[in-house]
Amino acid sequence: MTDVSRQLICQCGCTLVLSNCTHHECGSREIITNLLNEKLNQGQSEAAIIQFFVTQYGEQVLSAPPKKGFNLAAWVTPFAALLFGVGVVYVTLKRWVRREKQNHSSVVIEEDERYTRQLEKELKEFNERSFR
Amino acid sequence: MADIGYIALCLALTASVYSAIAYTVGARRRNWPLVTSAKNSLLAVSGLISISIAILAYALVTHNFQLEYVASYSSRDMPLAYLLSALWAGNDGSLLFWAWLLSIFAAIVILQKRNIGQELVPYASSVIAVTLAFFLVLLLFISTPFHKLSFTPVDGTGLNPLLENPGMILHPPALLVGYVGFTIPFAFAMAALLTKRLGDEWLIMIRRWALLAWLCLGVGLIIGAWWAYVELGWGGYWAWDPVENAGLLPWLVSTAFLHSIMMQRRRGMLKAWNMVLVILTFSLTIFGTFLTRSGVLSSVHTFSESTLGPFFLTFIGVTLFGSLGLLYYRSADLRDEAEMESFISRESTFLLNNLLLIGSTFAIFLGTVFPVISEMVRGVKITVGPPFFNQVNGPIFLALILLTGICTLTGWRRVSIRNLTRHFLWPLLAGLILGIVIFILGVREWYALIGFPICGFVLTTILYEWSRGVKVRHQIRAENYFKAFWCLITTNRPRYGGYIVHIAILLMTIGIVGSSLYDVEQEVTLKPGEMMTIKNYTLTYENLDIYETENRAVVTTTLSVNNHGELVGKLVPEKYFHRSYKQPVTEVAIRTTLREDLYVILLGWDEDNTATFKVLVNPLVSWIWIGGGVFLLGGLIACWPER
């Protein structure tokens, strides 16, 4: 009973899930709950009961949009957006790591060049001195 | 008196428009006398709105029912605290309260002594003045609290009985301080973009503002949840109602912001992203106000329908697209030269943290507005309720909490595998052992089997981090362990305040997981003397009594409660029928322990004193409120000025 009633919204305007509506003056809670009990006692399946209420009140009686058709967008889009976000984070991290490597290697090259120049200068001076 | 309040608002509007223009022109032309004049003008706005709100408060306290607002939201029998809380009970009053808060914050911004960022203040103040002008226009032309009736009623309608709860005194002001507080970070962000001073300066200036607004909004949400639990009488604390969601959205984005500004401060990363987050936070606060006041979505929280919706929508559009446009214009100056040595580092965990927080925000936003989208696209009305939000957000929140633990022990720049193994060994073991223990104890639900071990893991990471810090202080400074622990927190308040907030989130998670998965409910109809059993409790229905008070009829029932066969007390669930309100009010009876709440609702009764009750056993709910207290403590420590 509770499992099914949690899938339905009370129609008294309280916007609560059926099992949560405790309003004394609520008419629809009692009607829906009685019908629900009756159908459960008749041995009807959960899906059939839910479908019955959708036919009676429209899709707004469901506490969550069914996972089909256009409503599927509500279920899928957040996770699709998250996946896209994971891609963006990965690309960003990769760029940062690559930049670090590039900067690090350019420092090494600059350092190498500096020492090479120094070495050449000193060798040149040494050679010049040795000629004297 | 009321006329003075109205005139004060008129003058405040004029002064705020002048201030906005004079600040911008003065700052651009470096005309300092003009800037000083703008500053004085904004201070005058603050004074004028204060006069206005004081007059409304006085009218409420002195029962001046000629004012429509006073007649609609107060009555002679209301105690002083509720009379004052009527200031934010209605649309007009809460708008005035909003404008007053913003004007006070503006005055603080202006008068604050600071060593840096003085150049940003005129532009930021100009943005605040424009926002104030918007609210003052609404207060003067659309939704004025000083509207007079053609007659003076003997008494007022009074507050909605549901609002007569201590929650009314704390919840709306806390939320509003949070909402309004985010205007200041937004204003400074805009000032930074306008002046091209895009370094850390603006972040340093707004950090505490953002933290305080975030803390107040968070506390407001928790108090709101508690209020719903004890007053609305449906047995839960969070219904994923559109207006509840509207409060959660800016809180989630600002949580992302508070984390990502650390990346900018420490590593110069995410400069543009931080701007996006602050713009989003501000826009979402206005969106929340729009939802509450437009009546576009059904909610128990909304004020009576008003014509304010289009104005808020326009304001959101202008601020959102205007600020994003400005951000795009300055995007070249916001490129960061970020670099990282390794994929595994604290930077990565912060990025993922931001992704999950924004992902969750998006999911909640989409779920909240999807009924409107469905009606527009398909012409079919649908409801998006708790099952959707729980299924979509559950995994995201768990991942987020797991990340909290991973982030705590992951260093900046790079982490070696050896370090990872060394630091995470004990926390992982703790989580694993907890998982095995609860499995042996009979826990089989996946959410519990994943959620509780994650909480154990994260808690151990925080304790491990603390113990490392204490040990180092003990060794280096020869402090005893208690002193070392105290000094550890006081010398780095933002960091350790943050850890305390993380512990608060864990406590709340334990409460939420426990109460969501293991709640038991039963609906029974009993005659006096009959009993019912739910879990380990036996409740005996003793009697029903109906009596009248000055302003209401009360139906009261008494049940004696036995726990494991031992009498532990009596519960008295009631229904109130107020004379001034059609809807009866449910007064639930709750027996609270750290382990679980026994929650009894009186649903109905017959002439023969037969009564129908809904009885729930909600495990671990107390830990949510305890977590709320710890959250406040951690937030205050993080906000507290450093010596």
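Remember, predicted model here, so these are calculated numbers, not experimental data. (Residues numbered from 1 in each chain as written. Chains lettered and ligands numbered in written order. Predicted model: local features only at pLDDT ≥ 70, side-chain atom pairs only at ≥ 80, totals over all residues.)

K.L.:
Please clarify how the overall build of chain A should be interpreted in this entry.
P.N.:
Within chain A, the regular secondary structure consists of four helices and zero strands. Of the regular secondary structure in chain A, the N- to C-terminal order runs α-α-α-α. For chain A, the proportion of its 132 residues judged to be buried stands at 22%. A sequence separation of at least 24 residues applies to 39% of the contacts in chain A between residues at least 6 apart. (Helix = DSSP H or I, 4+ residues; strand = E, 2+ residues; numbered from the N terminus. Buried ≥ 20, exposed ≤ 12 C-beta atoms within 10 Å, placed from the backbone. Contact = placed C-beta atoms within 7 Å.)

K.L.:
When you look at the overall build of chain B in this model, what are you seeing that I'm missing?
P.N.:
Helix and strand counts for chain B stand at 19 helices and 10 strands. The C-alpha atoms of chain B give a radius of gyration of 27 Å, which matches the 26 Å a tight globule of 643 residues would have. Its C-alpha atoms give chain B principal-axis dimensions of roughly 85 × 80 × 60 Å. Counting across all 643 residues of chain B, residues that qualify as buried make up 50%. At a minimum sequence separation of 6, the contacts of chain B that also span at least 24 residues come to 73%. (Rg over C-alpha atoms; globule rule 2.2 N^0.38 Å.)

K.L.:
In this structure, what is going on with unusual backbone geometry? I would like to understand it.
P.N.:
Trans peptide bonds make up the majority, and among non-glycine residues the majority have a negative phi. All names here are of chain B. Positive phi outside glycine occurs at Trp 240, with the angle close to 55 degrees. Note that Trp 240 resides in the loop between helix H9 (201–232) and helix H10 (242–267). By the C-beta count within 10 Å, which is 21 here, Trp 240 ends up buried. A positive phi angle, close to 70 degrees, is found at Asn 609, a residue other than glycine. Residue position: Asn 609 is located in the loop between strand S9 (596–605) and strand S10 (611–619). The partly exposed category is assigned to Asn 609, around which 15 C-beta atoms lie within 10 Å.

K.L.:
I'm lost on the environment of Ile108(B) in this one. Help?
P.N.:
Residue and element names in this part refer to chain B. Within the secondary structure layout, Ile 108 lies in helix H5 (residues 91–111). Classification of Ile 108 as exposed rests on a count of 12 C-beta atoms within 10 Å. Between the C-alpha atoms of Ile 108 and Leu 43, which are 65 residues apart in sequence, the distance is 9.4 Å.

K.L.:
Help me out: how do you make sense of the nonpolar core in this one?
P.N.:
Across soluble globular proteins, nonpolar side chains have a tendency to be buried as a group. All names here are of chain B. Among the nonpolar cores identified, the biggest contains 201 residues, and Ala 99, Ala 124, Leu 132, Phe 135, Phe 188, Ala 189 and Ala 191 are the most heavily contacted of them. The residues contacting Phe 188, other than those within four sequence positions of it, are Leu 120, Ala 124, Trp 202, Met 205 and Ile 206. Counting 19 residues, the second largest nonpolar core, distinct from the first, contains Tyr 537, Leu 559, Ala 611 and Leu 616. (Core = buried A, V, L, I, M, F, W, Y, C linked by C-beta atoms within 7 Å.)

K.L.:
Would you explain the pairing of strand S2 (residues 531–534) of chain B in this entry?
P.N.:
Where a strand is regular, its side chains alternate between the two sheet faces. Residue and element names in this part refer to chain B. Here four bridges tie S2 to strand S3 (residues 537–548), and the two strands are oriented antiparallel to one another. Across the sheet, the residue bridging to Met 531 is Thr 540, located in S3. Here S2 hands over to S3 after two residues, with Lys 535 in that stretch at a positive phi of 45 degrees. (Pairing = 2+ DSSP bridges.)

K.L.:
Looking at this structure, how should I read the sheet that holds S10(B)?
P.N.:
In sheet architecture, strand pairing relies on hydrogen bonds along the backbone and comes in two forms, parallel and antiparallel. All names here are of chain B. With antiparallel pairing, four strands are arranged side by side in an open sheet as S1-S10-S9-S8. Every other strand in the sheet has two partners, leaving strand S1 (520–526) and strand S8 (589–592) as the edge strands with one partner each. Mean inter-strand twist for the sheet, computed between neighbouring axes without regard to direction, equals 15 degrees. Pairing of S1 with S10 involves seven bridges; the strand directions are antiparallel. The residue of S10 that forms the bridge with Leu 526 is Ala 611. (Axes fitted to C-alpha atoms, helices over the stretch in contact; angles between N-to-C directions.)

K.L.:
I tried to follow the packing of helix H7 (residues 166–181) of chain B against H9(B) on my own but got confused; where do I start?
P.N.:
Angle between the axes and distance between the axes are the two parameters that describe a pair of packed helices. Residue and element names in this part refer to chain B. Contact pair H7 / H9: the axes reach a minimum separation of 7 Å and the direction vectors enclose 150 degrees. In terms of axis orientation, H7 runs roughly antiparallel to H9. Crossing hand, H7 versus H9: left-handed. In terms of residue class, the contact of H7 with H9 is made up of 15 nonpolar, six polar and one charged. (Parallel < 35°, antiparallel > 145°, perpendicular 65-115°, else oblique. Left-handed = near helix turned anticlockwise from the far one by under 90°. Nonpolar A, V, L, I, M, F, W, Y, C, P; charged D, E, K, R; others polar.)

K.L.:
Could you clarify how one ought to interpret the interface of chain A and chain B in this entry?
P.N.:
For interface size, the figure often reported is the accessible area lost on association. Every contact between the two is made by 35 residues of chain A and, on the other side, 47 residues of chain B. In terms of residue count, the dominant contributor to the side of chain A that touches chain B is helix H4 (residues 72–131) of chain A (15 residues). Residue composition of the side of chain A that touches chain B, grouped by class: 17 nonpolar, 14 polar and four charged.

K.L.:
What exactly am I supposed to notice about the packing of H9(B) against helix H19 (residues 622–639) of chain B here?
P.N.:
Residue and element names in this part refer to chain B. Remark: H9 packs on H19, axes separated minimally by 10 Å, with the N-to-C direction vectors making an angle of 170 degrees. Between H9 and H19, the crossing angle belongs to the class labelled roughly antiparallel. Along its contact with H9, which presents Arg 208, Leu 211, Leu 212, Leu 215, Gly 218, Val 219, Ile 222 and Trp 226, the element H19 presents Trp 625, Gly 628, Phe 631, Leu 632, Gly 635, Ala 638 and Cys 639. Across the contact of H9 with H19, the residue classes break down as 11 nonpolar, three polar and one charged.

K.L.:
I would appreciate a short explanation of the environment of Gln391(B) in the present structure.
P.N.:
All names here are of chain B. By the element assignment, Gln 391 lies in helix H14 (residues 386–408). Classification of Gln 391 by C-beta neighbours within 10 Å gives partly exposed; the count is 13. Here the alpha-carbon distance between Gln 391 and Ala 430, two residues 39 residues apart in the chain, equals 27 Å.

K.L.:
Explanation requested: the confidence of the model for chain A in the structure shown.
P.N.:
Should the pLDDT be low somewhere, the predicted coordinates at that spot are not to be read in detail. In this model, chain A carries a mean pLDDT of 81, and residues with pLDDT of at least 70 account for 80%. The weakest mean pLDDT in chain A belongs to H4(A) at 77; the strongest belongs to helix H3 (residues 46–57) of chain A at 91. (pLDDT = per-residue confidence, 0-100.)

K.L.:
Where do I start with the pairing of S9(B) in this structure?
P.N.:
Residue and element names in this part refer to chain B. Most of S9 is tucked away, with eight of its 10 residues classed as buried. Where S8 and S9 come together, four bridges link them in antiparallel fashion. Note on S9: the bridge partner recorded for Arg 591 is Leu 598. The antiparallel hairpin formed by S8 and S9 contains three residues in its connecting segment.

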